[in-house]
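Breakdown of the fold
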Amino acid sequence: MKADIIEIFSSVQGEGKFAGARQIFLRLAGCNLNCAYCDTAFAAAKFCDAAINGKKLPNPVDATDTAAIINAANAKTPCHSLSFTGGEPLLHTDFIKNLAEQTDIKIMLETNGTLPGKLRQIIDVADIVSMDIKLPSATGQNLWAQHGEFISIAKSKDLYFKVVIAADTPDAEFFAAADLIADYGGKNALLYLQPATPLREIAAPNMKKMFALQDYALQAGIDARILPQVHRFLNVP
């Protein structure tokens, strides 16, 4: 089983529930969305940058070879988990499942939460699901139905949510996201409001806006927390 991998590296998680935890990151190529605030190059390249062992691997990379690299790195520096990220990692479910079966490290999916059918194929090997709620203003699409079905599958795991907030994010879109989380994820669902990192025409929100949105989510019974991209402050990948 093979897949196009952009990079494999070890760093600290910079977002959400496990911010600060040491992880191995495997960034897979490709995405089914084109978010306005995206700061990641996810096109497939000729080689995978395996910074974790200082090598360049020809794409597509074999799952067994990748598992060996990850197991060796984790034996040297024990990590909290292996994060499959992208792009959108669920475009590569067969590869992830095959690799996960060859390692004992916890599996985390960092996903845009729009491919419930793909998640269903792989949910048995996932331990943690970090799910973005993608607002229409960021994607140009209404994805509420896909998100709802996705949550229904993912909530059997260690699930938490993230919503990126820009200066011009419509409050009503965030309110709809919070309502969706409360309806499908249940009370006390864990939600991170992430201020957008300034990029191109994207501007960061002020804290007055962030507090107002957090207030709404808290009143809906959601464990809503404000957290920026910590790895940007640490100047690490």
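Each value, and the rule that gives it
Residues numbered from 1 in each chain as written. Predicted model: local features only at pLDDT ≥ 70, side-chain atom pairs only at ≥ 80, totals over all residues. Heavy atoms only, no water. Core = buried A, V, L, I, M, F, W, Y, C linked by side-chain atoms within 4.5 Å. Buried < 20%, exposed > 50% of the residue type's maximum accessible area, 1.4 Å probe, protein only. Contact = heavy atoms within 4.5 Å. Phe/Tyr/Trp six-rings, centres within 6.5 Å; stacked < 30°, edge-to-face > 60°. Helix = DSSP H or I, 4+ residues; strand = E, 2+ residues; numbered from the N terminus.

1. Quick word on the nonpolar core
Within soluble globular proteins, side chains that are nonpolar generally end up buried alongside one another. If you look at the biggest cluster of nonpolar residues, it comprises 60 residues, and the most contacted ones within it are Leu26 and Ile133. Excluding anything up to four places from it in sequence, Ile133 contacts Trp144, His147, Phe161, Lys162, Val163, Ala177, Leu180 and Ile181. Grouped together as the second largest cluster of nonpolar side chains are nine residues, Cys35, Ala138, Leu143 and Ala166 included.

2. Digging into the packing of aromatic side chains
Scanning the entire structure with this criterion turns up four aromatic pairs. On the numbers, 6.2 Å between centres and 65° between planes, the contact of Phe18 with Tyr160 is edge-to-face. Of this pair, Phe18 sits in the loop between β2 (5–12) and β3 (22–28) while Tyr160 sits in strand β10 (residues 158–165), and the two are 142 residues apart along the sequence. The two residues Phe18 and Tyr160 agree in class, both being buried. The exposure class of Tyr160 is buried, given its relative accessible area of 1%. Through a chain of ring-to-ring contacts, the aromatic side chains of Phe18, Tyr160 and Tyr192 assemble into a single cluster.

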